[in-house]
Structures are given as C-alpha cells and as structure tokens.
Amino acid sequence: GSFNKMKFGCMGDPMNVASRLEGLCKTYNVNVICSGATHGSLSSADGFVSRQLDYVQVKGKDKAIKIFEVMGCDPDVATGGQGARAQIQWSHMQEIISEAIG
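Participant: Would you take a moment to explain helix α1 (residues 13–28) for this structure?
Facilitator: Every α-helix carries 3.6 residues per turn, so stepping three or four residues along brings you back to the same face. If you check α1, its first and last C-alpha atoms are 22 Å apart, about what 16 residues at 1.5 Å a residue would give, namely 22 Å. Residues Val17, Leu21, Leu24 and Cys25 constitute the buried set of α1. Following α1 by one or two positions, Asn29 adopts a phi angle in the positive range, close to 55 degrees.

Participant: Looking at this structure, I do not really get the side chain of Ser35. What am I missing?
Facilitator: Take Ser35: it is sitting in strand β1 (residues 33–35). When its relative accessible area of 10% is taken as the criterion, Ser35 is described as buried. Side-chain polar atoms of Ser35 contact the backbone nitrogen of Thr38, separated by 3.2 Å.

Participant: Help me understand the pattern of salt bridges in this model?
Facilitator: Pairing between side chains of opposite charge can happen when their charged atoms approach one another. Applying the stated criterion across every chain, the model contains 2 salt bridges. Taking the shortest distance from any N to any O, the salt bridge between Lys61 and Asp13 comes out at 3.2 Å. Of the two residues, Lys61 sits in the loop between β2 (48–56) and β3 (65–73) while Asp13 sits in helix α1, which places them 48 residues apart along the sequence. Residues Arg51 and Glu69 are paired through a salt bridge, measuring 2.6 Å at the closest nitrogen-oxygen approach. With Arg51 in strand β2 and Glu69 in strand β3, this pair connects stretches of sequence that are 18 residues apart.

What counts, and at which threshold
- Residues numbered from 1 in each chain as written.
- Predicted model: local features only at pLDDT ≥ 70, side-chain atom pairs only at ≥ 80, totals over all residues.
- Heavy atoms only, no water.
- Helix = DSSP H or I, 4+ residues; strand = E, 2+ residues; numbered from the N terminus.
- Expected span 1.5 Å × (residues − 1).
- Buried < 20%, exposed > 50% of the residue type's maximum accessible area, 1.4 Å probe, protein only.
- Polar contact = N/O pair within 3.5 Å; in protein donor to acceptor, adjacent residues only side chain to side chain.
- Salt bridge = Lys/Arg side-chain N within 4 Å of Asp/Glu carboxyl O.

Put into structure tokens, the structure is as follows:
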C-alpha cells in the first residue's frame, strides 16, 4: 500500500498453515482440520469433539505440526448441560409454528 491507498488482507504464517490444512481435508477425507495450536487453545467447556489425525510438515514450516479433525460439538457441554433442554424447546417451537401456519 501507500499513504493514499491501503491494501488489507490476511497474511503471514497462520494464514499459510490454515490454507495448507484446508487442502489436507480432501487427503484425510474430513470436513474440518485444525492445527495442534488451535486445538490446544480450545477449552473442554467449548464442547468441540475432535480426534488427532496425524503429524504433517506443511510447506513453509521446518517442523511437523499435529493436526486434528474437528468432528462436531457436544450440545450438552457447549450449553452447560442445556443441550437436551434447548432441543425440547426447539421442538415445541416447531409445533407452534406448524399449528400457526396450518
């Protein structure tokens, strides 16, 4: 950029790793892959369910990184044990909407 025109974009090591991991989804036949660093920053209270896939050395990195598949989210953990209750409330709302629109 310059003083009159600025270019904004995501750059740097984290974006390089994210791009490489996205490309590995097809190789591992999974929908979402995250690095060990991202996985390590998650709290068990977040409710994400994951499994370790492998160690890989992505282009531009000297060392292999641990990768995980993010498989989903446990609603009971993520909602503080309210997942089943939220599901029941949603089902009740669906019934009310169905009755209202006939």
